Amino acid sequence: MTPRHVTFEVDGLPLDADVDPGQVLRTVLREHGVHSVKKGCDAGDCGACSVLVDGEPVHSCIYPAHRLEGRAVTTAAGLGTPEHPHPVQQAFADAAGFQCGFCTAGMVVTASTFTEADADDLPRLLKGNLCRCTGYRAIGDAICGVSNTVAPADGEAAGRSVKAPAALRVASGSEPYTLDFRSTTKLLHLAVLGSPHPHARITSIDTSAAEALPGVHLVLTHRDSPATLFSTGRHEDREDDPDDGLVLDPVLRFRGQRVAAVVADDVRTATNALAAIVVEYEPLPAVFDPETARSPGAPLLHGEKTVEASRIAFPERNTVAAMHDETGDVEAGLAQADAVVEGTWRTQRVSHGALETHASRGWLDDDGRLVVRTASQVPFLVRDELAHVFGLPQEQVRVFAARVGGGFGGKQELITEDLVALAVLRTGRPVQYEFTREDEFTIAPTRHPMRVRVRVGATSDGVLTALHVDQLMDTGAYGNHGVGVMYHSVHESTSVYRCPNKRVDAESVYTNNLPSGAFRGYGLGQVVFAVESAMDELARELGIDPFKLRRRNVIVPGDPMVVTDPDEESDLLIGSYGLDQCLDLVEQALESPAPEGAPPAPVGPTWVTGRGMALAMIATIPPRGHFADTSIELLPDGRYDIGVGTAEFGNGTTTVHTQLVASALGTTPDRVVVRQSDTDVARYDTGAYGSAGVVVAGKALLAAAHKLRAAMVDRALAIAGGAGHAVDTGTAPEVVAGGVVVRVGPGVDATVLVSGDRLLADGPLTADGSHDGTPRSVAFNVHGFEVAVDRASGEVRLLRSVQAADAGVVLNPEQLRGQVEGGTAQAIGTALYEEMMLDDEGRVLTTAFRNYRMPKFGDVPQTEVHFATTHDDLGPLGAKSMSEAPYNPVAPALANAIRDALGVRPHELPMSRDRLWRLAGGR
């Protein structure tokens, strides 16, 4: 069909375009370099692509391009620039109304059409704009003109609500994400043919017809794949994950797994060519339930692999990892108990829902090196594994990440970069592979579904006598993160309690479902849901207040953190202890009057109300080493250039890094230039996961800043002394913006400013700092809810949401509050709404946001956030990490509140209306 020529205006400039039949506005804009418009769903569900057409907000991903003739299109970039922002853009920056920021350009465009009268109608007006990060409160603040940030004075950045360095760039749509740049050479695109079977062997594959199509450059199959087994999951020690996969494998273990890849001139040509590939399969027996999968006689997914080569615990029974250990005697402890609670809890498969999908673009640089720009939390680990898989020296591979549009653990994987690398090495041309939203649901890793059985006993006065956790997790077709999630999930969830008799039985099992992976909390959320539900039921059995029962049994400073081995050597310490404060803060908040604006309890004979609470502990750094090497250099204009490998994806580490450096060097964050997440321009960093960006990379940067300060002062003293000034006044020189102030004397009330360029006259001034991620501290979180439940429909209304967090010294109060709110909102989605549905043959049925039910603006209450007052001995300036932690206690606290209301306990997530209706006695 013939393209149609249209002429229209974009951000005040004319644009002529030939549009194909069925093409939408978003693709036209991005093809012409308008990258302020983002791709989040291509279905009109998320709003990341929102623009104004003749002043009216539309989702450009579903707006037909042929309607553009003579129209005026305005994107976020057309509303304003970082130098001259639109008032709404300035408001989003001032309110810290974003985290990863991928939704923000669309949010700003939509909000630019609001009037003051619309402030009370935001749940309806923003129902077409999703945010996965913030919890929406800060977005509402921005729209209502509430400023939450400050501009600190020299040296006063730490502890203040400083704006993110990229705030106005994000709000104006000018901050580049992974694919927001144009290729200087004709770019090729990659599309993947997925397996139609949950388990099959490729017996023959004919690609000749596809290769003959115009515009097709290459078709890749398992015959082109390197023979090196690897895991998509990335850790500092690559042997933490089993080597159980190939770039392209002749054996297919889940529906959608790569069969072949087409590289063509454009996505449409590549996608159309997939239909021309002729494949013959030998279907193999499949298994979808982990309990069946580990049973004798079950079909084996990786039975041909060896323990030694692939590090699979028991390939002969589909078990990736297993733990069966005990301290004391659990059966004897249960027999001694005056009350025993037993139950089985189940958690579902959840999508990360990051608005930027997985995407990579690769090319060969002028020296013939492989370069990959990718949406990754771990660029250095991706570089190292690409070098390993393709047999390349590390120095021949460069990997870097721009700002990433959300991660939550889902981008701690290598799932686009390997195919892109293979295609680039074969063609010598730039190649891009971008997931669709359907890909995110059907082939990207998810949260691990779990079945968790808990038995817990206590004496009549509430002292625990026994705790038994029996956990079974579905790791899916591949074991990426299947080992680490299993061990982590049963660690802090049980070690937070003192108990003489503990047992853990845990197994991570392969099935022919799509793979599971890393997700915020790293397995703790699932097991904490079960343990804290059981603890709540135990409190009811004993007639003890749930806060009091926790206080009686939680660890306190001086207690060992025991899972099943009291003699285990560990680097995990209590660097500071605020759990007692967190319990007090939440209990006091729930007992106090509701804040102004809190929703009232519904009135009616079928409505019941209840309260619930739960706690969680989490290690502040992943175990077995997490490394960061950083650098700082004084620039001639008095600014500071810092190099740090950590990626920014809404975790806020970039902001805190500038604060730490500015405070140490007596300057302001705007004078700190950040180079990050690039294996060529920054030093090694394990990556941004496990909430390590502040407590590892931040601590390394702080050490570098102190070194540089000392070097600057030494040189300034030498310069001042050389000029004939006496310098010993007993007062230390002061580092300020632009250089160093040296007080001179003795007895002379004078100062001299040694400027940056003068300091550098004798050569550069640089410093480096590193941290190895040990010893590690622990953080604590307590959540409380007050809810109303309608017995007649199963509807839940959140009347009150309170979380207290022990984050040590709070380095950026507004940003940290946003992390707590965002984690809470994501956990509310898990608890009430979100569920990826699979049929009994492993086919994913949930393939779009519209039938997944991610929380919108109107679904999330305003959580009251409180911080304990502690100073952690192990973190930078006393801080702890707090990105993953807020998620973990939310679902059990909500379940406990619903149980309090209904008188019946939920045992399965999500606690959807239909499940609660049945629980309440509905038929």
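The numbering scheme is per chain: residues are counted from 1 as the chain's sequence reads. Only residues with pLDDT of at least 70 get local features here, since the model is predicted, and only at 80 or more are side-chain atom pairs given and counted; chain-wide, interface and lining totals rely on the full set of residues. Each side-chain value is worked out from all heavy atoms of the structure, with water and hydrogens disregarded.

Asker: Is there a simple way to think about the overall build of the chain in this case?
Answerer: The secondary structure content of the chain amounts to 26 helices and 31 strands. Our radius of gyration is a C-alpha quantity, and the globule rule it is checked against amounts to 2.2 Å times the number of residues to the power 0.38. A compact globule built from 923 residues should have a C-alpha radius of gyration of about 29 Å, and the chain, at 28 Å, falls within 12% of that. Across its three principal directions, the C-alpha atoms of the chain cover 85 × 80 × 65 Å. Excluding contacts between residues fewer than 6 apart, the proportion of contacts in the chain whose partners are at least 24 apart in sequence is 78%. A positive count includes Lys and Arg, and a negative count includes Asp and Glu. His and the chain ends are not counted in either. Taken as the charge location is NZ of Lys, CZ of Arg, CG of Asp or CD of Glu. Considering the chain, the positive charge centre built from 81 side chains and the negative charge centre built from 120 side chains are found 3 Å apart. To qualify as a helix, a DSSP run of H or I must reach at least 4 residues; to qualify as a strand, a run of E must reach at least 2; elements of each kind are numbered from the N terminus. Whether two residues touch is decided by their heavy atoms; if any such pair falls within 4.5 Å, the residues are in contact.

Asker: I'm lost on the pairing of strand S22 (residues 628-634) in this one. Help?
Answerer: Here is the key point about a regular strand: its side chains alternate between the two faces of the sheet. Counting buried positions along S22 yields 5 of 7 residues, so the element is predominantly enclosed. In short, DSSP must find at least two bridges between two strands for them to pair. Two strands pair when backbone bridges link them, and S22 and strand S28 (residues 766-771) are joined in this way by 6 bridges, in the antiparallel orientation. Across the sheet, Ser631 pairs through a bridge with Asp768, a residue of S28. In the sheet, S22 pairs with strand S23 (residues 640-644) via 4 bridges, with the strands oriented antiparallel. In the strand pairing of S23, Ser631 is matched with Gly643. The loop that links S22 with its antiparallel partner S23 comprises 5 residues; one of these, Gly638, has a positive phi angle of about 90°. Under the scheme applied here, a residue whose accessible area is under 20% of the maximum for its type counts as buried, over 50% as exposed, and between as partly exposed, the area being computed with a 1.4 Å probe on protein chains only.

Asker: How should the packing of aromatic side chains be read in this particular structure?
Answerer: Aromatic ring pairs: the centre-centre distance and the angle between the two ring planes describe each pair. Aromatic rings from Phe, Tyr and Trp, with only the six-membered ring used for Trp, were paired whenever their centres fell within 6.5 Å, and each pair was classed as stacked if the ring planes differed by under 30 degrees, edge-to-face if by over 60, and tilted otherwise. Per the counting criterion, the structure on display carries 11 aromatic pairs. A ring pair is formed by Tyr136 and Phe857, whose centres lie 5.7 Å apart and whose planes are at 65°; its orientation type is edge-to-face. Of the two residues, Tyr136 is situated in the loop between helix H5 (122-125) and helix H6 (137-143) and Phe857 in the loop between helix H24 (813-833) and strand S31 (864-867); the sequence distance between them amounts to 721 residues. Ring geometry for Tyr433 and Phe435: centres 5.5 Å apart, planes at 65°, overall edge-to-face. Looking at Tyr433, the relative accessible area reads 4%, which means it is buried. A positively charged side chain is recorded as over a ring if its NZ (Lys) or CZ (Arg) lies within 6 Å of the ring centre. The angle to the ring normal must also be within 35 degrees. Its end group placed over the ring of Phe400, Arg398 keeps NZ or CZ at 4.4 Å from the ring centre.

Asker: I'm lost on the side chain of Arg255 in this one. Help?
Answerer: Counting through the fold element by element, Arg255 comes out in the loop between strand S9 (251-252) and strand S10 (258-264). Under this definition, polar contacts are N or O atom pairs within 3.5 Å; protein pairs additionally need one hydrogen-donor-capable and one acceptor-capable atom, and for neighbouring residues in sequence, both atoms have to be side-chain atoms. A distance of 2.4 Å separates a polar atom in the side chain of Arg255 from the backbone oxygen of Pro196. Polar side-chain contacts of Arg255 include one of 2.8 Å to the backbone oxygen of Glu841.

Asker: What am I meant to see in the pattern of salt bridges here?
Answerer: A side chain with one charge can pair with a side chain of the opposite charge if their charged atoms come near. A pair is scored as a salt bridge if a Lys or Arg side-chain nitrogen falls within 4 Å of a carboxyl oxygen belonging to Asp or Glu. Considering all chains together, one arrives at 71 salt bridges under this definition. As a salt-bridge pair, Arg294 and Glu291 come within 3.0 Å of each other at their nearest N and O atoms. Arg294 sits in the buried class, given a relative accessible area of 18%. The network of salt bridges with common partners includes Glu291, Arg294, Arg317, Arg451, Arg453, Asp470 and Glu507.

Asker: Can you walk me through helix H25 (residues 890-902) in this structure?
Answerer: Note: α-helices contain 3.6 residues per turn, so residues at a spacing of three or four share the same orientation. An expected span of 1.5 Å times one less than the residue number is assigned to each helix. Compared with an ideal rise of 1.5 Å per residue, which puts 13 residues at 18 Å, H25 spans 18 Å between its outermost C-alpha atoms and is within 8% of the ideal. Counting buried positions along H25 gives 12 out of 13 residues, so the element sits mostly inside the fold. Of all the residues in H25, the buried ones are Val890, Ala891, Pro892, Ala893, Leu894, Ala895, Asn896, Ala897, Ile898, Arg899, Ala901 and Leu902. Just downstream of H25 lies Gly903, where phi reads positive at about 80°.

Asker: Can you help me understand the sheet that holds strand S24 (residues 672-676) in this one?
Answerer: Sheets are built from strands paired through backbone hydrogen bonds, the pairs being either parallel or antiparallel. Pairing is mixed in the open sheet, where 4 strands are placed in the order S24-S23-S22-S28. Here the strands that pair on one side only, and so sit at the sheet edges, are S24 and S28. When strand polarity is set aside, the average angle formed by the axes of neighbouring strands in this sheet is 20°. Angles shown run from 0 to 180 degrees and are taken between the N-to-C directions of axes, each axis being a line fitted to C-alpha atoms and, for helices, limited to the stretch in contact. On the sheet, helix H21 (residues 653-664) packs against S22, S23 and S24 and is oriented at approximately 135° with respect to S24.

Asker: What am I meant to see in helix H3 (residues 87-95) here?
Answerer: Within H3, 7 of the 9 residues are buried, leaving the element largely enclosed by the surrounding structure. Check the buried side of H3 and you find it contacts helix H2 (76-79), helix H4 (104-111), H6, helix H7 (167-171) and H24. Positive phi shows up at Ala96, right after H3, with a value of about 55°.

Asker: Help me understand the nonpolar core in this model?
Answerer: What tends to happen in soluble globular proteins is that the nonpolar side chains get buried as a cluster. Nine residue types can take part in a nonpolar core, namely buried Ala, Val, Leu, Ile, Met, Phe, Trp, Tyr and Cys, and a core is a set of them joined through side-chain atoms within 4.5 Å. Counting 199 residues, the largest nonpolar core has Phe8, Leu538 and Ile898 as the members making the most contacts within it. Setting aside anything within four residues of it in sequence, one finds Phe8 in contact with Leu13, Pro14, Leu15, Ala17, Leu25, Val28, Leu29, Leu68, Gly70, Arg71 and Val73. Judged by nonpolar contacts, the second largest core, of 40 residues, contains Ala662, Val694, Ala705 and Val713.

Asker: Would you mind going over the packing of helix H19 (residues 546-553) against helix H20 (residues 579-591) with me for this structure?
Answerer: The relative placement of two packed helices comes down to the angle between their axes together with the axis-to-axis distance. Between H19 and H20, the least distance of the axes is 11 Å, while the angle of their chain directions is 175°. If you check the angle between H19 and H20, you find them roughly antiparallel. Facing Phe547, Arg550 and Arg551 of H19, the residues of H20 in contact are Leu583, Asp584, Val586, Glu587 and Leu590. Under the grouping applied here, Gly and all other residues not named as nonpolar or charged are polar, the nonpolar ones being Ala, Val, Leu, Ile, Met, Phe, Trp, Tyr, Cys and Pro and the charged ones Asp, Glu, Lys and Arg. For the contact of H19 with H20, the per-class residue count stands at 4 nonpolar, no polar and 4 charged. Should an angle fall under 35 degrees it is taken as roughly parallel, and over 145 as roughly antiparallel, whereas 65 to 115 is taken as roughly perpendicular and any remaining angle as oblique.

Asker: How should I be thinking about the state of the cysteines in this particular structure?
Answerer: By definition, a disulfide links two cysteine residues through a covalent bond between their sulfur atoms. Note on terminology: pairs of cysteine sulfur atoms within 2.5 Å are recorded as disulfides. In total, this model carries 0 disulfides according to the counting rule given. Not engaged in a disulfide, the cysteine Cys100 finds its nearest cysteine sulfur in Cys133; these two sulfurs lie 3.7 Å apart. With no disulfide of its own, Cys131 lies closest to Cys103 among cysteine sulfurs, the gap being 3.9 Å.

Asker: Before we go on, may I ask you to explain the sheet that holds strand S5 (residues 72-74) in this structure?
Answerer: On the basis of which strands lie adjacent, the open sheet formed by 5 strands has the order S2-S1-S5-S3-S4 and mixed pairing. The sheet is open, and its two edges are formed by strand S2 (13-19) and strand S4 (56-59), each paired on a single side. For this sheet the average axis-to-axis angle between neighbouring strands, irrespective of direction, equals 40°.

Asker: What's the story with the packing of helix H13 (residues 379-390) against helix H14 (residues 417-427) in this structure? I'm lost.
Answerer: For the pair H13 and H14, the least separation of the axes is 11 Å and the interaxial angle reads 50°. Considering their axes alone, H13 and H14 lie oblique with respect to each other. The interaxial crossing formed by H13 with H14 has right-handed handedness. Note on element contacts: H14 touches H13 through Glu417, Asp418, Ala421, Leu422 and Leu425, opposite Val382, Leu386 and Phe390. By residue class, the composition of the contact of H13 with H14 is 6 nonpolar, no polar and 2 charged. Whether a crossing is left-handed or right-handed is set by the direction in which the near helix is turned from the far one by less than a right angle, anticlockwise for left-handed and clockwise for right-handed.

Asker: Mind showing me how you'd approach the side chain of Asn812 here?
Answerer: For Asn812, the position within the fold is in the loop between strand S30 (796-806) and H24. Every residue in contact with Asn812, bar those within four places of it in the chain, is listed here: Arg160, Ser161, Val162, Thr655 and Gln659.

Asker: Looking at this model, I keep getting lost on the confidence of the model for the chain. Mind explaining?
Answerer: Within a predicted model, pLDDT stands for the predictor's per-residue confidence, ranging from 0 to 100. With 97% of its residues at a pLDDT of 70 or more, the chain has an overall mean of 95. Every residue in residues 723-731 is under pLDDT 50, and counting partners more than four places away or in other chains gives 18 contacts. Confidence drops under a pLDDT of 50 for residues 745-749, and excluding neighbours within four residues, the segment shows 5 contacts in the predicted structure.

Asker: How should unusual backbone geometry be read in this particular structure?
Answerer: Peptide bonds are mostly trans, and most non-glycine residues show a negative phi. Note that the residue after Thr774, namely Pro775, is joined by a cis bond; omega there is -5°. The topology assignment puts Pro775 in the loop between S28 and strand S29 (778-790). The residue after Leu909, namely Pro910, is reached through a cis peptide bond having omega -5°. Even without a glycine there, the phi angle at Tyr136 is positive, about 80°. The exposure class assigned to Tyr136 is buried, which follows from its relative accessible area of 3%.

Asker: Explain a negative patch on the surface to me, please; I cannot follow it from the model alone.
Answerer: Patch membership is restricted to residues that have no salt bridge and whose relative accessible area is over 30%. Joining uses 9 Å for like charges and 5 Å for the nonpolar side chains Val, Leu, Ile, Met, Phe, Trp and Tyr. Accessibility throughout is a Shrake-Rupley quantity obtained with a 1.4 Å probe, and a residue counts as covered only by protein chains that appear here. A cluster of like negative charges, contributed by Asp325, Asp565, Asp567 and Glu568, occupies part of the molecular surface. Examined against the element boundaries, Asp325 turns out to sit in strand S12 (residues 319-327).

Asker: Explain the environment of Ser576 here, please?
Answerer: Tracing the backbone shows Ser576 in the loop between H19 and H20. A relative accessible area of 7% places Ser576 in the buried class. Ser576 sits 244 residues away from Ala332 along the chain, and the two C-alpha atoms are 34 Å apart. If near-sequence neighbours (up to four positions away) are discounted, Ser576 is found in contact with Ser777, Val778, Phe780, Asp806, Thr870, His871, Asp872 and Lys880.

Asker: How should I be thinking about the environment of Asp20 in this particular structure?
Answerer: Structurally, Asp20 can be placed in the loop between S2 and helix H1 (25-31). Placed 15 residues apart in sequence, Asp20 and His5 show a C-alpha to C-alpha distance of 8.9 Å. In contact with Asp20, not counting residues within four places along its chain, are Pro3 and Arg268.

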